Amino acid sequence: MTLAACLIFHPCPKWVLLVRTGELWGFDIYRKVPKDLTQPTYTGAIISVCCCLFILFLFLSELTGFIATEIVARCLFFDQNARSKRDPVKSRRDEEGACSCALCGAQGGVSPSRVNELYVDDPDKESGGKIEVNLNISLPNLHCELVGLDIQDEMGRHEVGHIDNSMKVPLNNGDGCRFEGHFSINKVPGNFHVSTHSATAQPQNPDMTHIIHKLSFGDKLQVQNIHGAFNALGGADKLSSNPLASHDYILKIVPTVYEDMSGKQRYSYQYTVANKEYVAYSHTGRIIPAIWFRYDLSPITVKYTERRQPLYRFITSICAIIGGTFTVAGILDSCIFTASEAWKKIQLGKMQ
């Protein structure tokens, strides 16, 4: 019975009829070769074993990359006035190149990605315009009762002798002091400085030599693949400097956002630093030295996004590995087999 007759007299689906009549086999693009018509060779066996080992190696490499997470860094532009304006309008631009940001491209183990969307944003809106600061500094030749922290900025804040969340630890049998403080600053240019300005009686020759153990802003990011400038001044040693000199540290604070796999964001700040040392004088004489930290916010925000390779990309890579390896191995085996057969014919004198 023909296929047309089956379609007329049998109301069953067409694919069932194709199977029954045997015409579905014509769609098979993977034609099978009878085993009796194949010829195994030692060369083919060696190539097959090497091919399988190579595929296994690449598969395990791709599987490791699929299981592991990667961190992608990109740059956003942050407008310091955007928080006060509350302007929801975002300016979008198409950019062909990656965002030029020194802190983006210099991270060890972090892959920079192209940014096709630039917009104005305040990454940490819930902070109320504040940045948390952690300072740990030792002054081995200055008594603790003389050490104080002063904070001032362009919003009119001027605080002398900040004592909240701070601690003074005597050093060298009371001759020195280690100051540890946790305080907040406004997101505007300003400074905070360690000095003797809050002391009841000013010393004649205050020694401002120091070691900075830690200076960080915002939350602490404990991520293995990010090695940024979150504590750029950590370990700064000024013990050999002029005891009567003031120290100026010029900080450029870069807002940093880290978003993990669950979408939770943590806000921290990196910073670059430049410093100078000088003895200041005025018309009344020498000015009392201090350790100044003058800061300003960068308009660029660095955002790290933790992500995992998509499943479809992993499957595509595996298919490419298997198909490509077998194809190249088949071509290599065919060339070797053809060459060996030709050599045998030459030896037997059958090759013209």
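## Quick notes on the overall build of the protein
(1) Moving on: When helices and strands are tallied, the protein shows 6 helices and 16 strands.
(2) Moving on: For the protein, buried positions account for 35% of its 352 residues.
(3) Moving on: Surface exposure of the protein reaches about 21,500 Å², of which carbon and sulfur atoms provide 58%.

## Let's talk about the packing of helix α3 (residues 42–67) against helix α6 (residues 311–348)
(1) Moving on: Packing of α3 against α6 leaves a shortest axis separation of 10 Å and a crossing angle of 165°. By the criterion of interaxial angle, the relationship of α3 to α6 is roughly antiparallel. Along this stretch, α3 crosses α6, giving a crossing that reads as right-handed. Residues T43, G44, I47, C51, F54, I55, L58, F59, E62, L63 and F66 of α3 touch α6, and the partners they reach there are L311, F314, S317, I318, I321, I322, T325, F326, A329, L332, D333 and I336.
(2) Moving on: For the contact of α3 with α6, the residue count by class is 17 nonpolar, 4 polar and 2 charged.

## Remarks on the environment of S198
(1) Moving on: You can see S198 is positioned in the loop between β8 (190–195) and β9 (211–218).
(2) Moving on: Classification of S198 by relative accessible area gives partly exposed; the value is 32%.
(3) Moving on: For the pair S198 and V147, spaced 51 residues apart in the sequence, the C-alpha separation amounts to 7.6 Å.
(4) Moving on: Excluding residues that lie within four positions of it along the chain, S198 makes contacts with V147, G148, V160 and G161.

## Examining the state of the cysteines
By definition, a disulfide links the sulfur atoms of two cysteine residues through a covalent bond.
(1) Moving on: One pass over the full model with this rule turns up 1 disulfide.
(2) Moving on: This cysteine, C51, is not joined by any disulfide, and C52 carries the nearest cysteine sulfur, 5.5 Å off.
(3) Moving on: Classification of C51 by relative accessible area gives buried; the value is 5%.

## Some points on the pairing of strand β11 (residues 246–259)
(1) Moving on: Taking burial as the measure, the 14 residues of β11 include 12 buried ones, the bulk of the element.
(2) Moving on: Here 14 bridges tie β11 to strand β12 (residues 265–278), and the two strands are oriented antiparallel to one another. Bridged to V257 within β12 is Y267.
(3) Moving on: The antiparallel hairpin formed by β11 and β12 contains 5 residues in its connecting segment, where G263 sits at a positive phi of about 90°.
(4) Moving on: When β11 meets strand β15 (residues 291–297), the two strands line up parallel, connected through 7 bridges. Bridge pairing in β15 places D248 opposite W292.

## What to know about α3
(1) Moving on: Its 26 residues place the ends of α3 37 Å apart at the C-alpha level, agreeing with the 38 Å of an ideal helix rising 1.5 Å per residue.
(2) Moving on: Regarding α3, the residues found buried are G44, I47, C51, I55 and F66.
(3) Moving on: On its buried face, α3 sits against β16 (300–308) and α6.

## So, the nonpolar core
The tendency in soluble globular proteins is for nonpolar side chains to be buried side by side.
(1) Moving on: Grouped together as the largest cluster of nonpolar side chains are 33 residues, with contacts concentrated most on L135, F192, L215, F217 and F293.
(2) Moving on: Here the element with the most residues in this core is strand β3 (residues 130–139); it accounts for 5 residues.

## Points about the side chain of S268
(1) Moving on: Counting through the fold element by element, S268 comes out in strand β12.
(2) Moving on: Among the polar contacts listed, one links the side chain of S268 to the backbone oxygen of F217, at a separation of 3.3 Å.
(3) Moving on: Those residues in contact with S268 that lie beyond four places of it in its chain are F217, G218, D219, L221, F230, V254, P255 and T256.

## Some thoughts on the confidence of the model for the protein
(1) Moving on: Residues at a pLDDT of 70 or more form 74% of the protein, whose mean pLDDT is 78.
(2) Moving on: In this model residues 79–117 is a low-confidence stretch, pLDDT under 50, and it forms 67 contacts with partners more than four residues away in sequence or in other chains.

## As for α6
(1) Moving on: Over its 38 residues, α6 runs 55 Å from end to end, which matches the ideal 56 Å to within 8%, given 1.5 Å per residue.
(2) Moving on: Along α6, the residues classified as buried are F314, S317, I318, I321, T325 and A329.
(3) Moving on: Turning to α6, the residues buried within the fold contact α3.

## Observations concerning a nonpolar patch on the surface
(1) Moving on: Residues L56, F59 and L60 make up a contiguous nonpolar surface patch of roughly 260 Å² in combined accessible area.
(2) Moving on: On the basis of relative accessible area, L56 is assigned to the partly exposed category, the value being 46%.

## Description of the pairing of β12
(1) Moving on: Relative to β12, β9 is paired through 2 bridges, and the arrangement is antiparallel. By the bridge assignment for β12, G218 is matched with S268.

About the criteria used
Residues numbered from 1 in each chain as written. Predicted model: local features only at pLDDT ≥ 70, side-chain atom pairs only at ≥ 80, totals over all residues. Heavy atoms only, no water. Helix = DSSP H or I, 4+ residues; strand = E, 2+ residues; numbered from the N terminus. Buried < 20%, exposed > 50% of the residue type's maximum accessible area, 1.4 Å probe, protein only. Areas by Shrake-Rupley, 256 points an atom, 1.4 Å probe, with all protein chains shown as cover. Axes fitted to C-alpha atoms, helices over the stretch in contact; angles between N-to-C directions. Parallel < 35°, antiparallel > 145°, perpendicular 65-115°, else oblique. Left-handed = near helix turned anticlockwise from the far one by under 90°. Contact = heavy atoms within 4.5 Å. Nonpolar A, V, L, I, M, F, W, Y, C, P; charged D, E, K, R; others polar. Disulfide = S-S within 2.5 Å. Pairing = 2+ DSSP bridges. Expected span 1.5 Å × (residues − 1). Core = buried A, V, L, I, M, F, W, Y, C linked by side-chain atoms within 4.5 Å. Polar contact = N/O pair within 3.5 Å; in protein donor to acceptor, adjacent residues only side chain to side chain. pLDDT = per-residue confidence, 0-100. Patch = residues over 30% accessible without salt bridge, like charges linked within 9 Å, V, L, I, M, F, W, Y side chains within 5 Å. Salt bridge = Lys/Arg side-chain N within 4 Å of Asp/Glu carboxyl O.

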